[in-house]
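Descriptive structure summary
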Amino acid sequence: MVAGIPGVGAPVRRVEDGRFLRGKGRFVDDLTPHGAAHLFVLRSPHASARITRIDATAARAMPGVLLVLLPEDVEELGVLRCVTPRFRRDGRPIAQTPWRMLAMDQVRYVGDAVAAVIAETRAQAQDAAEAIQVEYAPLPAVADCAVAVQPGAPAVWPDFAPENESFLFRLGDVAAVDAAFARAAHVTRFDFRVTRVSANPMEPRACLGAWDPVEERWTLTTGTQLPHVMRNEIAEYALKVPSNRLRIISPDVGGGFGMKESPFQEYVLALHAARLLERPVRWTATRTESFLSDSHARDNVSTAELALSAEGDFLGFRVHTLCNLGAYLAWQGPVSSTNNVGGLAGVYRTPAICTEVRGIFTHTQPTAPYRGAGRPEAIYAIERCIDLAAIEMGKDRIELRRRNMIQPEQMPFKTGLDFTYDSGDFPANMAKTLAAADWDGFPARREAAAKRGRLRGIGIANAIESAGGPHRGPMEEAAEIRFDSGGSVTLLMGSHNHGQGHETVFRQIASEQLGILPERIRYICGDTDLVTHGRGTIGSRSMMAGGGALVFAARRIIERGKKIASHFMEASEEDIEFVDGEFRVAGTDKAIGIQDLAKRSYVPGALPKGEELGLSALLITRPGDATFPNGCHVCEVEIDPETGETELVGYTVVDDVGTVINPLLLKGQIHGGIAQGLGQVWGENVVYDDQGQVLSASFADYPMPRAADFCDMVVKSNPVPTATNPLGVKGAGEAGTVGALPALIAAISDALSPLGIRHLEMPATPERVWQAIRAATPP
């Protein structure tokens, strides 16, 4: 290894943090081009209503107003469509909901866009928007998907979904599951709700639209996880133009979490207004506006049933789910509830599993993928069922898991539902976690807590997920390596960085592959004019897809370099080897460094006649298959019975994410994922009243977790590399979230178990915990 090259496995600090910590990040709202106007969107205060009249006369006459857009002014624009193919109960494809840039005739959720104002300043745009007179005829609304399927519930789309059902999705062998339940000695039934959440990234959504009248071409600068995909989607289906007439630039992005993978109305409105005005148009959401316009996530109601033999063997598992889609089908709205249901198998040998998911319309904001995207819900279902079955059957919850766990020698293992796991050592994960968390010492800690008047509980969850593969559709990725005539190298990656540390780890990989110091490597992503192609950053796929493409591109560079080196050193190509950044003639002292070779490859006449000059490689490839990151979480809490406040006193996780590229960044990913999972359990919850009014549209009512809420987390690795990609990685971005939800609820429920409480529904707010304690405690 060349001196100074950290290589794969080294705990390299994030290079991008230098500029962030100094306030030098380049986020969308930091960009202030000369002459930029401001966009403000007027939104519906009603969850369901007909628009009977709009009058913008006064608004158009107000100071600073440049343009007012009403629904009829944007009829030429297309719609935001859903790209996830699902089917109705009768077998027909789902009906696309006409989600226009501004609502035509009727609004269907609080926050539905009604009009847009562009003015010299944001304040002027907002003042003018408030002067627009909109008359509504309110209609009945429904916000809860369990209520929406009841007879007589208000229909969101009466023409094609009179009973509010968008799709019916089934997976698994129902007959085999029914047979398993018929012979079961015990059946555990678990009714539960997974709450609705909002992503709330540190950087709210923002955009800057610009129009070039010479090229007749738009540029959209916005923080997005999928620059190339969004370019195609907005150009072809919203603007109705070829994709090469739109450029998307995604600079630094302050968190995405799945929410920023979708196209949104404000982006199209800004582009449309920029063309009409021939000047840049910018928009940045306020926090309350984010609650009313960002896609929400989760929000489903389920019944899970686990069939067991008298000895405790899992025989069958089935889950029925109502998924709240909101008022419109988001770009990938059905993904979370259907694409990752294979995770219901968990890490267990359950032979027969089936599931049924109904996508339900309500008068709420559309829902879309959010960190985990269905994986936490699936693991929550199986892990909580196991805990409840252990209580009901009088069995130890650890032994029940151990008895049914897939063994490493059984790999590859075809589960009872959809997935085939290629690698992993699940028993070792659990054993290492139990040891690190001192599970056997818990009774003494519980007794000590009781003497202090506190309730102590411990919970466990074994987690597994599908990451990055065909289960999420075509998942190709691009990587390009360009050497310039000075010998420096630039990486152009289709995978986008929005907090993961790509600038660090992709340099790390390229540095090891090419033998070049990381500081000589430049990293570019997020510009569709500079980067040829990219699928983007979703589904914990960047290292397996982007990293794999980068390795293959590096191999192409080396193969071409051997050909060039054989010419320079007058040797056979077969005698050229590449070691530590040098091309060498085997058995001699002849050598040329890769950077010197790159310089000479640009010199006219240096290469044989007809030979291509320069040294570069572009690779667009698709990983071989999905990977299955897995792990075990143990959570320990103490509850103050007088206030219901829950304190996190211990959290231990052992994860298998395959090859660990950078252990420091891996821990950061795991910490962040756990924080988002625990945050949902503790209180993150978008609340609507029965008429669709949002009751939690600010951080005063939507409690975000804080650093002080967490204890020191013990994060360990048990890597079992996969053979499905050249790095052996499995993905890590969502792993922490997947296990955190069931682990914390299990710990809280265990703390309350001396009071006869078996399960507490999320969110486990102090009020809810306190009420449960009061209800269970004799007066």
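See above for the structure.
Now for a description of the structure that goes with this document. Just so you know, the residues in each chain are numbered from 1, in the order the chain's sequence is written. Where local features are concerned, this predicted model is filtered to residues with pLDDT of at least 70; where side-chain atom pairs are given and counted, the filter is 80 or more; whole-chain, interface and lining totals use all residues. Here the side-chain values reflect all heavy atoms present in the structure, with hydrogen atoms and water set aside.

As for helix α18 (residues 735-752)
Only runs of H or I of at least four residues qualify as helices and only runs of E of at least two qualify as strands under DSSP, and these elements are numbered from the N terminus. By definition here, a helix of n residues has an expected span of 1.5 Å times n minus one. An ideal rise of 1.5 Å per residue puts 26 Å on 18 residues; α18 measures up with 27 Å between its terminal C-alpha atoms. The quantity called bend is, for any residue, the angle between two axes fitted respectively to the seven residues ending at it and the seven beginning at it. Roughly 25 degrees is the biggest bend found in α18, and it falls at Leu 741, with proline Pro 742 one to four residues downstream. Burial runs high along α18: 18 of the 18 residues are buried. Only protein chains enter the calculation, and the probe is 1.4 Å; a residue is then buried if its accessible area is under 20% of its type maximum, exposed if over 50%, and partly exposed in between.

Points about the pattern of salt bridges
Any carboxyl oxygen of Asp or Glu that lies within 4 Å of a side-chain nitrogen of Lys or Arg is treated as forming a salt bridge with it. If you walk through the whole model with that rule in mind, you get 55 salt bridges. One salt bridge in this structure joins Glu 165 and Arg 89, with 2.8 Å as the shortest N-O distance. One end of the pair, Glu 165, is in strand β9 (residues 165-172); the other, Arg 89, is in the loop between β4 (79-80) and β5 (99-100), and 76 residues separate them in sequence. Classification of Arg 89 by relative accessible area gives partly exposed; the value is 49%. Notably, a salt bridge pairs Arg 196 with Asp 299, separated by 2.8 Å at the nearest N-O pair. Here the residue Arg 196 occupies a position in strand β10 (residues 186-198), and Asp 299 occupies one in strand β15 (residues 296-308), the gap between them amounting to 103 residues. For the pair shown, Arg 196 and Asp 299 are each scored as buried. Several salt bridges share partner residues, and in doing so they unite Asp 438, Arg 445, Arg 452, Arg 454, Arg 456, Glu 636, Glu 638 and Glu 647 into one network.

With respect to helix α7 (residues 265-277)
One turn of an α-helix holds 3.6 residues; hence residues three or four places apart share an orientation. With 13 residues, α7 extends 18 Å between its outermost C-alpha atoms, agreeing within 8% with the 18 Å of an ideal straight helix rising 1.5 Å per residue. Burial analysis of α7 places 10 of its 13 residues in the buried class, which makes it a mostly covered element. What α7 keeps buried is the set Gln 265, Glu 266, Tyr 267, Val 268, Leu 269, Ala 270, Leu 271, His 272, Ala 273 and Ala 274. Of the residues trailing α7, Glu 278 is marked for its positive phi of about 55 degrees.

Describing the side chain of Arg 384
With respect to the helices and strands, Arg 384 occurs in helix α10 (residues 375-393). Arg 384 sits in the buried class, given a relative accessible area of 2%. For Arg 384, the residues in contact, after removing those within four places along its chain, are Phe 190, Pro 742, Ile 745, Ala 746, Ser 749, Arg 758 and His 759. Should any heavy atoms of two residues lie within 4.5 Å, those residues are considered in contact.

Brief notes about the sheet that holds strand β29 (residues 646-656)
Taking strand neighbours across the sheet as the criterion, the four strands line up as β20-β28-β29-β30 in an open arrangement whose pairing is mixed. Both edges of this open sheet fall to β20 (455-464) and β30 (713-717), since each of them pairs with a single strand only. The sheet shows a mean angle of 10 degrees between the axes of neighbouring strands, direction not considered. Bridge count between strand β28 (residues 630-639) and β29: 10 bridges; the pairing is antiparallel. Note on β29: the bridge partner recorded for Val 634 is Thr 652. Between the N-to-C directions of two axes lies an angle of 0 to 180 degrees, each axis being a line fitted to C-alpha atoms and, for a helix, fitted only over the stretch in contact. Contacting β20, β28 and β29, α18 runs over the sheet at an angle of about 150 degrees to β20. Here a strand pair is declared whenever DSSP counts at least two bridges between the two strands.

Focus on the pairing of β20
Taken across its 10 residues, β20 has 10 buried, putting it largely inside the fold. Summarising the sheet, β20 and β28 pair through 10 bridges and their orientation is antiparallel. Counterpart to Asn 462 in the pairing with β28 is Cys 632.

Structural notes on unusual backbone geometry
The omega torsion of the bond from Met 411 to Pro 412 falls at -5 degrees, within 30 degrees of zero and hence cis. Along the chain, Pro 412 turns up in the loop between α11 (397-404) and β18 (413-414). The omega torsion across Met 762 and Pro 763 is 0 degrees, close enough to zero to call that bond cis. Residue position: Pro 763 is located in the loop between α18 and α19 (766-776). For Glu 570, which is not a glycine, the phi torsion comes out positive at approximately 50 degrees. Note on placement: Glu 570 falls in the loop between α15 (542-568) and β24 (576-579). In this structure, Asp 580 is a non-glycine residue whose phi angle is positive, near 50 degrees. Within the secondary structure, Asp 580 sits in the loop between β24 and β25 (582-585).

Details of the sheet that holds strand β12 (residues 217-222)
Pairing in this open sheet of seven strands is mixed, and the strands run β3-β7-β1-β14-β11-β12-β13 from one edge to the other. Edge positions in the sheet fall to β3 (65-69) and β13 (246-249), since each has one partner strand and no second. Across the sheet, the axes of successive neighbouring strands diverge by a mean angle of 20 degrees, strand direction being ignored. Pairing between strand β11 (residues 206-212) and strand β14 (residues 281-284): four bridges, direction antiparallel. In the sheet register, Gly 209 faces β14, and the bridge partner there is Val 281.

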